[in-house]
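The lines below spell out each chain.
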Amino acid sequence: MDYGTVQGIITIVVMVTFVGIFAWAYSGRRKHQFDEAANLVFSDEEKHKDSGEHK
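Here the structure is a predicted model, which is why all the values come from computation and not from measurement.

Reading guide: rules and limits
Residues numbered from 1 in each chain as written. Predicted model: local features only at pLDDT ≥ 70, side-chain atom pairs only at ≥ 80, totals over all residues. Heavy atoms only, no water. Helix = DSSP H or I, 4+ residues; strand = E, 2+ residues; numbered from the N terminus. Buried < 20%, exposed > 50% of the residue type's maximum accessible area, 1.4 Å probe, protein only. Areas by Shrake-Rupley, 256 points an atom, 1.4 Å probe, with all protein chains shown as cover. Phe/Tyr/Trp six-rings, centres within 6.5 Å; stacked < 30°, edge-to-face > 60°. Lys NZ or Arg CZ within 6 Å of the ring centre and 35° of its normal. pLDDT = per-residue confidence, 0-100. Patch = residues over 30% accessible without salt bridge, like charges linked within 9 Å, V, L, I, M, F, W, Y side chains within 5 Å. Salt bridge = Lys/Arg side-chain N within 4 Å of Asp/Glu carboxyl O.

Draft legend 1. Spatial organisation of the overall build of the protein chain. If you tally the helices and strands in the protein chain, you get 3 helices and 0 strands. Secondary structure elements of the protein chain occur, N-terminal to C-terminal, as α-α-α. Within the protein chain, the proportion of its 55 residues that are buried is 2%. Only carbon and sulfur atoms are counted for the fraction: they give 65% of the accessible area of the protein chain, which is about 5300 Å².

Right under this line is the structure:
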């Protein structure tokens with residue numbers, strides 16, 4: 001196996017990995033979890049408002 005073949009195999013593995021991550025991130029089953037994670041920043045703010053603390 002020469003260097004070009006190894007390089008081609010590595011390229012295919014990286015491309016398949018990228019497509020897998022892309023599909024995972026944009027799947028409909030994950031939307032709720034990603035929306036929840038996106039709002040974590042604001043949940044800390046709401047706790048401070050409720051308790052009367054200010055930063």
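Draft legend 2. Just the packing of aromatic side chains, in detail. All chains considered together, the criterion is met by 3 aromatic pairs. A centroid spacing of 4.8 Å and a plane angle of 40° characterise the contact between F22 and Y26, whose relative ring orientation is tilted. Its relative accessible area of 48% is what places F22 among the partly exposed residues. Grouping aromatic residues by their ring pairs yields a cluster made of F18, F22 and Y26. Here the guanidinium or amino end of R30 rests over the ring plane of F34, the centre of that ring lying 5.4 Å away.

Draft legend 3. Representation of the confidence of the model for the protein chain. With 80% of its residues at a pLDDT of 70 or more, the protein chain has an overall mean of 85. Looking across the protein chain, the model is least confident in helix α3 (residues 40–51), with a mean pLDDT of 71, and most confident in helix α1 (residues 3–25), with 96.

Draft legend 4. The arrangement of a nonpolar patch on the surface in detail. Side chains of M1, V6, I9, I10, V13 and V14 sit close together on the surface and give an oily, nonpolar patch of about 600 Å² of accessible area. Tracing the backbone through its elements, the reader meets V14 in helix α1. Overall, the relative accessible area of 52% leaves V14 in the exposed class.

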